[in-house]
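Listed below are the residues making up each chain.
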Amino acid sequence: MSVRTKQPETKQVDHISFVKPHIFDVTQDVKLLWVKEVPNETVRLDLFFDAGITRGNKSLPAIVHSLLLSGTKELSSVEIHEQIDSLGGFLDTDISFETAVVSIYCLREHVRQISNIVANAIQNLAFRENEVEDVLRSMRQQFAVNQQKVKYVAQQQFRKHLFASNADYATISEESDYDEASVLAYKKYWKQHYLEGLTRITLVGDLEVDEVDALIDLFGKWAVDGKVQHAGGFKFQAQRINFPKEDTVQCALRMGRFLFPKSHPDYIDFQVLNTILGDYFGSRLMSNIREDKGYTYGIGSGMMDMNQTGYFVIVTEVGKEVLDLTLHEIKFELERLQNELVSDDELDLVKNYMLGQLLKSADGPYAMLDMYNSVDMYDLTLAFYDEAIQKIKRISPARIQELAKQYLNFEDFLIITAG
Amino acid sequence: MIAFNRFKLENGLTVLHHFDSTTPMAVINTLYDVGARDESEEKTGFAHLFEHLMFGGSVNIPDFDSPLQRAGGESNAFTSNDITNYYNVLPIQNIETALWLESDRMLSLAFTPKSLEVQRNVVIEEFKQRYLNQPYGDVWLELRPLAYHKHPYKWATIGKNIQHIEEATMDDVKAFFKAHYHPANAILCIAGNISLEETKRLVDKWYGDIPASLKPERMLPKEPVQTEYRELTIERKVPNDAFYYSFKMPERKSFEYYVTDIISDALGREKSSRLYSKLKKDLKLVTSINAYITGSLDEGLLIIDGKLSNDVTFEELDKAIWPLLEDIKKELMSEAETSKLLNKIRTVKEFQEQGLLNRAMNLSLYELLGDANGVNEENNLYQSITAEQIKTVANQLFKKENTSLLRVKSIKE
């Protein structure tokens, strides 16, 4: 009979092998990162563009992004997708704050052909009238659905108010964006942000070097000229604003404040504080507001990285009747971190957890590339992770408290609620 | 190819072992052969509520998550109409912590009133967040009872309504545990850089002394063959009219299941699919349209859903959609189209095998279906599908009397 009341001995993760991808210079400012060591036939190719949602007014970046594969003079969007599908390929497109990505997933025997199809589709995008109309129709419909989601409304309003000092970052979609096509504006944006907007290429797959060179030749012509500049120095007003919505049973809450970019000396230490507060299942917010009070299905906090800065955010959806109680408990948890030292026991648990998760984030070629990319994008190196391991192991309860006092004053937060 | 070993303990626990020396992580996946279909009609939502309670402490361990996090790991679970699946991912050197935790909650739960009280509230909030507070969020609560009259697939995993969750008692919880949570009703998969011998030693150490119970016999009411066309229109404050065509399809273990999957891909998986290109792109009747299967173990559903364009009526769509379904019944699919669909399947399979957790989950599910090795045969089954088989199965699916149509009519605020 085993002793069931005592946890078996555990060992902290003490070493993680980080593998640096092969790096090719597409131009002086644009790189291709490549992880070749893949044990099967799969390939993922990502094209990054300086075309995030902050690069144009209202919905312009999102509309052009949605139109990328909508057809050339010769081929309709259905024909383009038919070609890619026939080769067993999948396309994925994603647009975030400061970047837009087009991804190809396929088997290696097809990567060249699919890349040619995608390159041709984007290069010769014709903005066919019926295709533009179809995209606008679908986006308007999606917009209407989103407006009914309290989570979406809170997210949009949070963005608008957090970035209030910068018009490009504060801009949000409006229904009228989809009323009429502005093809001239779309074309201008496409040329500037896609045909001259490629910022990097990442590749995972067991290919030959000449195949990689061919991809560089194919996409390299879109490389941006010079280093891309991003905004910083945002100002916002700490305040609480509610966006009422009838007929809802839950309220969405989003509260946050600016912090610093990933290169800041407090970044990793704050990551530990963030984990304790709200970034794992056993976090204080989850333990208190979900597991003790049952107010919500989920609550969490996170650090959002941007090129010149970063922000911290707490997100949840709670029953309408317990919104104020939830805010009260959040305030309580922030103050507890400021007024009481974290116990060694809790801190040890979080350290072990974070190191285990870091190990997992470096597991396998796909994860490794993403990990490298997420530091290289901000001009950091793999040394970031070695340093992270050391900092996580070393951090003390006093340091956690110091950071909480500096960055987690309830009064400093922008609080947006919808519902 | 996913290599694996299989062995069984005397208490009935089936164990799968998958060796992978390239990863520093381990996965411990536990599939319990119980889902919402095993609930009684008066106490729905119970399998899922129970999944939440499994994290509320076991007989010897007050809290499930903390020790696992202390070992650098993470855990989660999901409940479907068919199964409940729990998984842990942690550094391999700490694998024993996961086995300690999982085996203890298979042995017995703590059954604290506080845990029941809190998780009841959490699940109620989940119900609100996913089903009530989202536009179109409640369609599955309406569609299931339309398509199924007898089989327990007529209720959703979350339950028929919130009252069932509100009324759950500790006696219900205990009875549910006793019936479904024991070795003979579980499949354990251990994956990572660990030998078979070490796996056997550890499994024997932690699971060997869990008492055996009889695997419950499943006697679900069989859904009678549908003989009439069904439709239902509900009115909701949503932006656009939406439609959900559902067709009864063969059970998971049959070959026709795979054929039906291919048919749904042909109709509406991608932006080159039949319904998408015709109804959205050519005729502009819809703003979105998809076809997919529910993946149920018993007789499931093929669904075609989407949203109407402004000023288009349900009748116009209906007139346009049926001829497209007739096409797939009458004409043999071209070589080019079948090879397109099968190429996509090949890519998906290859990517699925990428992750350790995926491999462990798939092995467990196939073991439940009869043989874990099924995961290695799946792609060949798909690749063997012929145009004739597609036509035959399409003829069984797309009949008026096999259809249940749910319409969501948009009404203004």
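Residues numbered from 1 in each chain as written. Chains lettered and ligands numbered in written order. Predicted model: local features only at pLDDT ≥ 70, side-chain atom pairs only at ≥ 80, totals over all residues. Heavy atoms only, no water.

## Observations regarding the packing of aromatic side chains
Within the structure shown, the criterion is met by 47 aromatic pairs over all chains. Considering the side-chain rings of Tyr105(A) and Phe351(B), the 5.5 Å spacing of their centres and the 70° angle between planes classify their relative orientation as edge-to-face. With Tyr105(A) in strand E5 (residues 100–107) and Phe351(B) in helix H12 (residues 335–352), this residue pair bridges two chains. For Phe351(B), a relative accessible area of 18% gives the class buried. Ring geometry for Phe312(A) versus Phe413(A): centroids 6.1 Å apart, planes at 70°, classification edge-to-face. Of the two residues, Phe312(A) is situated in strand E10 (residues 310–319) and Phe413(A) in the loop between helix H15 (397–407) and strand E11 (414–418); the sequence distance between them amounts to 101 residues. Accessibility expressed as a relative area gives 1% for Phe312(A), which makes it buried. Taking the relative accessible area as the measure of exposure, Phe413(A) reaches 2% and is therefore buried. Put simply, the rings of Tyr32(B), Phe46(B), Phe50(B), Phe55(B), Phe64(B), Tyr86(B), Phe111(B), Phe176(B), Phe177(B) and Tyr181(B) pair up and form one aromatic cluster. (Phe/Tyr/Trp six-rings, centres within 6.5 Å; stacked < 30°, edge-to-face > 60°. Helix = DSSP H or I, 4+ residues; strand = E, 2+ residues; numbered from the N terminus. Buried < 20%, exposed > 50% of the residue type's maximum accessible area, 1.4 Å probe, protein only.)

## Quick look at the nonpolar core
Counting residues in hydrophobic clusters, the biggest one holds 149 residues, and the most contacted among them are Leu408(A), Phe243(B), Ile263(B), Leu279(B), Ile304(B) and Phe398(B). Contact partners of Leu279(B), with chain neighbours within four places excluded, come to Lys284(B), Leu285(B), Val286(B), Ile289(B), Leu317(B), Ala320(B), Ile321(B) and Leu324(B). Counting 56 residues, the second largest nonpolar core, distinct from the first, contains Leu9(B), Leu53(B), Ile61(B) and Met170(B). (Core = buried A, V, L, I, M, F, W, Y, C linked by side-chain atoms within 4.5 Å. Contact = heavy atoms within 4.5 Å.)

## Looking at the sheet that holds strand E7 (residues 240–243) of chain A
Residues and elements named next belong to chain A. Reading across from one edge, E7-E11-E8-E10-E9 is the order of the 5 strands in this open sheet, with mixed pairing throughout. The open sheet terminates on both sides in strands that have one partner only, identified here as E7 and strand E9 (296–305). Between one strand axis and the next, the sheet turns through 15° on average, direction left out of account. Where strand E8 (residues 250–258) meets E10, 9 bridges bridge the pair, whose relative direction is antiparallel. The residue of E10 that forms the bridge with Arg257 is Phe312. On the sheet, helix H9 (residues 267–278) packs against E9 and E10 and is oriented at approximately 175° with respect to E9. (Pairing = 2+ DSSP bridges. Axes fitted to C-alpha atoms, helices over the stretch in contact; angles between N-to-C directions.)

## Quick look at the domain arrangement of chain B
All names here are of chain B. On domain assignment, one finds that chain B holds domain 1 (5–207) and domain 2 (230–410). Computed over C-alpha atoms only, the centres of domain 1 and domain 2 are separated by 29 Å. Every contact between the two is made by 36 residues of domain 1 and, on the other side, 38 residues of domain 2. For the pair domain 1 and domain 2, the summed buried area comes to about 3,100 Å², and 70% of that belongs to carbon and sulfur atoms. Looking only at domain 1, the three residues that lose the most surface to domain 2 are Tyr136, Leu143 and Leu146, adding up to 22% of its buried area. At the boundary of domain 1 with domain 2, the tally comes to 6 salt bridges. When contributions to the side of domain 1 that touches domain 2 are tallied by element, the ones reaching two or more residues are strand E2 (14–19), strand E3 (25–32), strand E5 (84–91), helix H5 (139–147) and strand E6 (186–192). (Domains from an automatic or database assignment. Buried area = accessible area lost by both parts, 1.4 Å probe. Salt bridge = Lys/Arg side-chain N within 4 Å of Asp/Glu carboxyl O.)

## Overview of the sheet that holds E2(B)
All names here are of chain B. If you trace the 6 strands from one edge of the open sheet to the other, you get E1-E2-E6-E3-E5-E4, paired in mixed fashion. Only two strands of the sheet have a single partner each, and these edge strands are strand E1 (5–8) and strand E4 (74–79). Going from strand to strand, the sheet's axes swing by 15° on average, the running direction of each strand aside. The sheet contact formed by E4 and E5 spans 6 bridges and is antiparallel. Within E5, the position partnered with Ala77 by the bridge is Tyr86. Taken strand by strand, helix H8 (residues 196–207) contacts E1, E2 and E6, and its axis lies near 30° from that of E1.

## Regarding the confidence of the model for chain B
With 100% of its residues at a pLDDT of at least 70, chain B reaches an overall mean of 96. The ipTM for the predicted assembly is 0.92, set against a pTM of 0.94. (pLDDT = per-residue confidence, 0-100.)

## Some points on the pairing of strand E11 (residues 403–410) of chain B
Residues and elements named next belong to chain B. Most of E11 is tucked away: 7 of the 8 residues are buried. Two strands pair when backbone bridges link them, and strand E7 (residues 230–236) and E11 are joined in this way by 7 bridges, in the parallel orientation. From the neighbouring strand, Thr233 faces E11, where its bridge partner is Arg407. Where strand E8 (residues 242–249) meets E11, 6 bridges bridge the pair, whose relative direction is antiparallel. Across the sheet, Ser246 pairs through a bridge with Ser404, a residue of E11.

## What to know about the interface of chain A and chain B
Listed as interface residues are 74 residues of chain A and, on the opposing side, 71 residues of chain B. Across the chain A to chain B interface the summed buried area is about 6,400 Å²; carbon plus sulfur atoms make up 50%. Applying the counting rule to chain A against chain B returns 13 salt bridges. The partner of Asp85(A) in a salt bridge is Lys344(B), with the nearest N and O atoms 2.6 Å apart. Counting across the chain A and chain B interface gives 46 residue pairs in polar contact (both at pLDDT 80 or more). In terms of residue class, the side of chain A that touches chain B is built from 25 nonpolar, 25 polar and 24 charged. (Polar contact = N/O pair within 3.5 Å; in protein donor to acceptor, adjacent residues only side chain to side chain. Nonpolar A, V, L, I, M, F, W, Y, C, P; charged D, E, K, R; others polar.)

## Quick notes on the pattern of salt bridges
Tallied over the entire structure, the rule returns 69 salt bridges over all chains. Note that Lys114(B) and Asp292(A) form a salt bridge whose closest N and O atoms lie 2.6 Å from each other. Pair noted here: Lys114(B) is in helix H4 (residues 113–132) and Asp292(A) is in helix H10 (residues 284–292), and the two residues belong to different chains. Overall, Lys114(B) belongs to the partly exposed group, its relative accessible area being 46%. Under the relative-accessibility criterion, Asp292(A) is labelled partly exposed at 34%. For Glu326(B), the salt bridge is made with Lys329(B), and the minimal N-O distance between the two is 3.1 Å.

## Here's the deal with the side chain of Ser277(B)
Considering the arrangement of structural elements, one finds Ser277(B) in helix H10 (residues 274–282). Among the polar contacts made by the side chain of Ser277(B), one reaches the main-chain carbonyl oxygen of Ser273(B) at a distance of 3.0 Å. Apart from the residues within four sequence positions on either side, Ser277(B) is in contact with Val78(A), Ser272(B) and Asp282(B).

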